[in-house]
Amino acid sequence: YNEYLLSFKAAFIATSQKHIAISGDGSNEIYIFDYNLNKIKTIHNNNEPWGLKYNKNGDKLIVGMGSPPPSINIYDANNNYNKVSSFKKHSNFTMGVGFLDSHTAVSAGGDNFEINIWNINTNKVITKIESVANRIWSVGISGNKIAWGNQWSDTNGKGKLEKFINIVNFKI
């Protein structure tokens, strides 16, 4: 797999304490490796995975999709990366994904101009941040802040984080 990795053009990468997840190269697969670059798993998708992020504990992987149909999938890293949830409330690709905690996900959908905060066990939207002025190309989470970026970058679209909202007092 090391030879394969040398020619693979990874567009997205996520790391946990145990694993490295990569996607890209126009493929519908996510490749999971350990830190010795031994392949652990190939996750096959019906569409192209664009955003990848492990939760803090590294036991769940969230994946946004960059081709129709739009969805966000959650995989259980402790159970052979079986899909445990699929969130389908976005009407477009979802490059910006992340976790607030073990049960709460954040997803941003390009042309939707919105960010969803949702429960990964029930897929119910907890809150939605709407009308953020432009397409959302990136999302980040730090403490009580959710940040997003509206600028496209030549590095697979993910631009810098430009705005943030404090989810305790909801100030932008």
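Report on the accompanying structure. (Residues numbered from 1 in each chain as written. Predicted model: local features only at pLDDT ≥ 70, side-chain atom pairs only at ≥ 80, totals over all residues. Heavy atoms only, no water.)

**Examining the pairing of strand E5 (residues 49–54)**
Condition: Partly exposed describes any residue whose relative accessible area lies between the buried limit of under 20% and the exposed limit of over 50%, with all areas from a 1.4 Å probe on protein chains only and scaled to the type maximum. Each helix corresponds to a stretch of at least 4 residues labelled H or I by DSSP, and each strand to a stretch of at least 2 residues labelled E; elements are numbered beginning at the N terminus. Pairing between strands is defined by DSSP: at least two bridges between them are needed.
Here E5 lies mainly inside the structure; 5 of its 6 residues are buried. In terms of strand pairing, E5 meets strand E6 (residues 60–65) through 5 bridges, oriented antiparallel. Considered in E6, the bridge of Pro 49 is made with Met 65. Between E5 and E6, which pair antiparallel and follow one another directly, the connecting turn spans 5 residues, one of which, Gly 58, has a positive phi of 75°.

**Side note on the packing of aromatic side chains**
Cut-off, in case you're wondering: Aromatic rings from Phe, Tyr and Trp, taking only the six-membered ring of Trp, are treated as a pair when their centres fall within 6.5 Å; an angle between ring planes under 30 degrees marks them as stacked, one over 60 as edge-to-face, and anything in between as tilted.
Tallying each qualifying case throughout the model produces 1 aromatic pair. Judged by centre distance (4.1 Å) and plane angle (5°), the ring pair of Phe 87 and Trp 118 falls under stacked. Of this pair, Phe 87 sits in strand E8 (residues 82–87) while Trp 118 sits in strand E11 (residues 114–119), placing them 31 residues apart in sequence. Trp 118 shares its class with Phe 87; the two are buried.

**Topic: the pairing of strand E7 (residues 72–76)**
Among the 5 residues that make up E7, 5 are buried, leaving the element largely enclosed by the rest of the structure. Burial along E7 is two-sided: Ile 72, Ile 74 and Asp 76 facing one way and Asn 73 and Tyr 75 facing the other are all buried. Bridge count for E6 against E7 is 5 bridges, and the pairing is antiparallel. The residue bridging Leu 61 from the neighbouring strand is Tyr 75, located in E7. As judged from the 5 bridges shared by E7 and E8, these two strands associate in the antiparallel manner. Note that in E8 the partner of Tyr 75 across the bridge is Lys 83. Where E7 folds back onto E8 in an antiparallel hairpin, the turn is made up of 5 residues, including Asn 80, whose phi is positive at roughly 55°.

**Looking at the pattern of salt bridges**
For the record, the criterion: Salt bridges are identified by distance alone: a Lys or Arg side-chain nitrogen within 4 Å of an Asp or Glu carboxyl oxygen.
Applying the stated rule across the entire model yields 1 salt bridge. Between Lys 60 and Asp 59 there is a salt bridge whose closest N-O contact spans 3.8 Å. Taken individually, Lys 60 and Asp 59 each receive the classification buried, so the pair is uniform in this respect.

**Here's the deal with unusual backbone geometry**
Negative phi characterises most residues that are not glycine, and trans characterises most peptide bonds. We note that Asn 80 has phi near 55°; this positive angle belongs to a residue other than glycine. If you trace the backbone, Asn 80 turns up in the loop between E7 and E8. Although it is not a glycine, Asn 123 adopts a positive phi angle of roughly 65°. By the secondary structure assignment, Asn 123 is in the loop between E11 and strand E12 (125–130).

**Focus on the layout of surface pockets**
Note the following rule: Note on definitions: the grid is 1 Å and covers protein atoms alone; a cavity is a set of points where a 1.4 Å probe fits but cannot get out; a pocket is an open set with protein on both sides within 12 Å along at least five of seven lines; lining residues have an atom within 4 Å of a point. Grid points are joined across faces, edges and corners, and a volume is the space filled by probe spheres set on the points. For this scheme, ten residues count as nonpolar: Ala, Val, Leu, Ile, Met, Phe, Trp, Tyr, Cys and Pro. Four count as charged, namely Asp, Glu, Lys and Arg, and the remainder, Gly too, count as polar.
In this structure, the second largest pocket spans a volume of roughly 170 Å³. Along the walls of the second largest pocket sit His 44, Asn 45, Asn 46, Asn 47, Met 65, Pro 69, Ser 71, Asn 73, Tyr 75, Lys 83, Ser 86 and Lys 88, which together make up its complete lining. Of all the secondary-structure elements, those providing two or more residues to the lining of the second largest pocket are E7 and E8. Here the lining of the second largest pocket is composed, by residue class, of 3 nonpolar, 7 polar and 2 charged.

**Notes on the sheet that holds E6**
Basically, it comes down to this: Comment: axis = line fitted to C-alpha atoms, over the contacting stretch for helices; angle = value between 0 and 180 degrees taken between N-to-C directions.
A sheet is described by the order of its strands in space; here 4 strands give the open sequence E5-E6-E7-E8, paired in antiparallel fashion. One side of each edge strand has no neighbouring strand; the edge strands of this open sheet are E5 and E8. The average undirected angle you get between the axes of adjacent strands in this sheet is 25°.

**Here's the deal with the sheet that holds strand E1 (residues 10–15)**
Taken in spatial order, the 4 strands of this open sheet run E1-E2-E3-E4, and their pairing is antiparallel. Of all the strands in the sheet, just E1 and strand E4 (39–44) have a single pairing partner and so form its edges. Strand-to-strand twist in this sheet, taken as the mean axis angle between neighbours without regard to direction, amounts to 20°. Pairing analysis gives 5 bridges linking strand E3 (residues 29–34) to E4, with the strands arranged antiparallel.

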